[in-house]
Amino acid sequence: MEYFLQNVVNALQWGSFYALIALGYSMVYSILMLFNFAHGDIFMVGAYIGFGIATGLMALFAMGGLMLPGWMTLILTIVIAMFLTSFVGMFVERVGYRPLREAPRASAAITGLMIGIILETGNLAMFGAQRLSFPSLIETVTYDVGGIFVTNKKILIVVVSLVLMYGLHLFIQKTKWGMAMRAMSYDYLAVPLMGVSINVIAPMTFAIGSALAAAAGILYGLAYPVLDPYMGVLLGWKAFVAAILGGRGSILGAALAGFLLGFIEIFVTMVFPSTLRDVIAYSIILLILTFRPHGFFGQAHSTQLRL
């Protein structure tokens, strides 16, 4: 039982990354009816921006003789990185996707893949092929809870992820901007005729999704402090699977499917060799989609942004 509960904790941490990234996929699809296949690389960019901010803040405070608590440096890193990465998302929407709104969806998909390659290549040009070590902003503390070992970083990752998801829920449900996004997701062709500009809602959606991906990148760096230019490829595709599994256009579904995917991957390795993890996990997801082709909360004729 202790081994089982230990893996539950690990699955919650792993699922947090998938859930935060999957939200960006689901939001963009609900508004523009396309998947941003560069989103996994935006996760990578957010992690590198967080690395630069954290390193810069630590150096700046050291030069001034100041010693900020690690948690404060972490908060500043997450907030600033989310803010800066949101502009990366808006730039991607403006340059890559806005000219293709009337183009075939295949053109937009290929564009997303090319943007991802550009981001990866740009990263290689700036930092080289060597991996970077994300700074340890807070000291790791391990708690023994009835034989289950939980670190403060795992608790932080899960809590911050849930807070961000709940914040997105409040934004979508309680604000005028969120109402406009829900209306746009219902019919992005008719709603602009009522005065809601898609040129405002679309970049806002990319900005929010990119900010969440940046938060996921920093949290990932805390848990696995090794960054490389291709770190977003595999996680991005897996989060895309989670968005499909949750139901296209469903934010709640994307979040739940992200955690479910984390649970499946972790618990498969309890029984089978780790080399079989992906093939077994995604065979299970394929089986689920066979019986739920529209995902957990997807609908056949609607992509309305739902929670």
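Keep in mind that this is a model prediction, so the values were computed, not measured. Numbering of residues starts from 1 in each chain and follows the order in which that chain's sequence is written. Confidence filtering applies because this is a predicted model: local features only for residues at pLDDT of at least 70, side-chain atom pairs given and counted only at 80 or more, and all residues used for totals across whole chains, interfaces and linings. Only hydrogens and water are set aside when side-chain values are computed; all heavy atoms of the structure are taken into account.

The next thing to look at is empty space enclosed by the protein. Throughout, the protein atoms alone are placed on a 1 Å grid, and a set of points is a cavity if a 1.4 Å probe fits but cannot get out or a pocket if it is open with protein on both sides within 12 Å along at least five of seven lines; lining residues have an atom within 4 Å of a point. Grid points are joined across faces, edges and corners, and a volume is the space filled by probe spheres set on the points. A full pass over the atoms with the stated rule returns two cavities of 30 Å³ or more. Here the second largest cavity defines a volume of roughly 30 Å³. For the second largest cavity, the full set of lining residues is G24, V28, N36, H39, T205, F206, G209 and S210. We count a stretch as a helix when DSSP gives it H or I for four or more residues in a row; a strand needs E for two or more, and each element gets its number in order from the N terminus. Counting residues per element, the ones that place at least two in the lining of the second largest cavity are α1 (2-32) and α7 (198-223). Throughout, the ten residues Ala, Val, Leu, Ile, Met, Phe, Trp, Tyr, Cys and Pro are labelled nonpolar, Asp, Glu, Lys and Arg are labelled charged, and all others, Gly among them, are labelled polar. Class assignment of the residues belonging to the lining of the second largest cavity gives a composition of two nonpolar, six polar and no charged.

pLDDT measures how confident the predictor is about each residue, on a scale from 0 to 100. Mean pLDDT over the protein chain stands at 88; residues scoring 70 or higher make up 95%. Across the protein chain, element-level confidence peaks in α7 with a mean pLDDT of 94 and bottoms out in helix α6 (residues 176-186) with 85.

In this section: the pattern of salt bridges. Salt bridge, as used here: a side-chain nitrogen of Lys or Arg that lies within 4 Å of a carboxyl oxygen of Asp or Glu. As enumerated under the stated definition, the model contains five salt bridges in all. K238 is the salt-bridge partner of D278, the closest N and O atoms lying 3.1 Å from each other. Residue D278 is located in helix α10 (residues 277-291), and its partner K238 is located in helix α8 (residues 231-246); the two are separated by 40 residues in the primary sequence. Look at D278 and you get partly exposed, because its relative accessible area is 29%. Among the charged side chains, a salt-bridge network with shared partners connects K238, E265, R277 and D278. Note on classification: 1.4 Å probe, protein chains only; a residue is buried when its accessible area is under 20% of the maximum for its type, exposed when over 50%, partly exposed between these limits.

Nonpolar cores are built from buried Ala, Val, Leu, Ile, Met, Phe, Trp, Tyr and Cys residues. Side-chain atoms within 4.5 Å join them into one set. Residues L23, F43, L168, M181, L219, L227 and M231 are the most contacted members of the largest nonpolar core, which totals 89 residues. Dropping the residues within four chain positions of it, M231 is found in contact with F43, M44, A47, Y48 and Y220. Any two residues whose heavy atoms approach within 4.5 Å are treated as being in contact.

Turning to α7, a few remarks are in order. By this rule the span expected of a helix is its residue count minus one, scaled by 1.5 Å. Spanning 26 residues, α7 covers 37 Å between terminal C-alpha atoms, matching the ideal 38 Å at 1.5 Å per step. Its side-chain oxygen at 3.2 Å from the backbone nitrogen of N199, S197 defines the N-terminal cap of α7. Polar contact criterion, stated in full: a pair of N or O atoms within 3.5 Å, where within protein one must be able to donate a hydrogen and the other to accept it, and residues adjacent in sequence count only if both atoms are side-chain atoms.

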